[in-house]
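Observations on chain architecture
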Amino acid sequence: MTNAIEDKLKGNWNIAKGKLKQKWGDLTDDDLDYQEGKEDELVGKIQKKTGESKEKVNDFLESLKF
């Protein structure tokens, strides 16, 4: 995962979590449980739940403006 995504996830996680749930309504708080150092695992959970590609998930996270 790129540093920009890691920074966004760490610094603005509540905002990111809300936007992820808006985009993919099937996601729950448990799906989006963020643990430092496990960013790739989190993206994998989002992929599994939504069926989106890793690239689409990462692109969406990159597009978030905080």
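A brief report on the enclosed structure follows. Because the structure is a prediction, the values reported are computed rather than measured. (Residues numbered from 1 in each chain as written. Predicted model: local features only at pLDDT ≥ 70, side-chain atom pairs only at ≥ 80, totals over all residues. Heavy atoms only, no water.)

As for the environment of Glu36
In this structure, Glu36 sits in the loop between helix 2 (13-23) and helix 3 (39-50). A relative accessible area of 66% means that Glu36 is categorised as exposed. Taking the C-alpha atoms as reference points, Glu36 and Ile46, separated by 10 residues in sequence, lie 16 Å from one another. (Helix = DSSP H or I, 4+ residues; strand = E, 2+ residues; numbered from the N terminus. Buried < 20%, exposed > 50% of the residue type's maximum accessible area, 1.4 Å probe, protein only.)

Remarks on the pattern of salt bridges
Under the definition given, this model contains four salt bridges. Residue Asp29 pairs with Lys17 through a salt bridge whose shortest N-O separation is 3.9 Å. Of this pair, Asp29 sits in the loop between helix 2 and helix 3 while Lys17 sits in helix 2, and the two are 12 residues apart along the sequence. You can call Asp29 partly exposed: its relative accessible area is 43%. In this structure, Lys38 and Glu41 form a salt bridge, with 3.9 Å as the shortest nitrogen-oxygen distance. Classification of Lys38 by relative accessible area gives partly exposed; the value is 39%. Note on Glu41: relative accessible area 45%, which makes it partly exposed. Residues joined in a network through salt bridges with shared partners are Lys17, Lys21 and Asp29. (Salt bridge = Lys/Arg side-chain N within 4 Å of Asp/Glu carboxyl O.)

Digging into the nonpolar core
Of all hydrophobic cores here, the largest spans 15 residues; its most connected members are Trp13, Leu20, Trp24, Leu32, Ile46 and Leu61. Elements that contribute at least two residues to this core include exactly helix 2, helix 3 and helix 4 (54-63). (Core = buried A, V, L, I, M, F, W, Y, C linked by side-chain atoms within 4.5 Å.)

Examining the packing of aromatic side chains
Under the definition given, this model contains one aromatic pair. Taken together, a centroid distance of 5.3 Å and an interplanar angle of 65° make the contact between Trp24 and Phe60 edge-to-face. Of the two residues, Trp24 sits in the loop between helix 2 and helix 3 while Phe60 sits in helix 4, which places them 36 residues apart along the sequence. The exposure classification of Trp24 matches that of Phe60, with both residues buried. (Phe/Tyr/Trp six-rings, centres within 6.5 Å; stacked < 30°, edge-to-face > 60°.)

Concerning the side chain of Asp31
The residue Asp31 is located in the loop between helix 2 and helix 3 in this model. Reaching out from Asp31, the side chain makes a polar contact with the backbone nitrogen of Thr28 at a distance of 2.9 Å. (Polar contact = N/O pair within 3.5 Å; in protein donor to acceptor, adjacent residues only side chain to side chain.)

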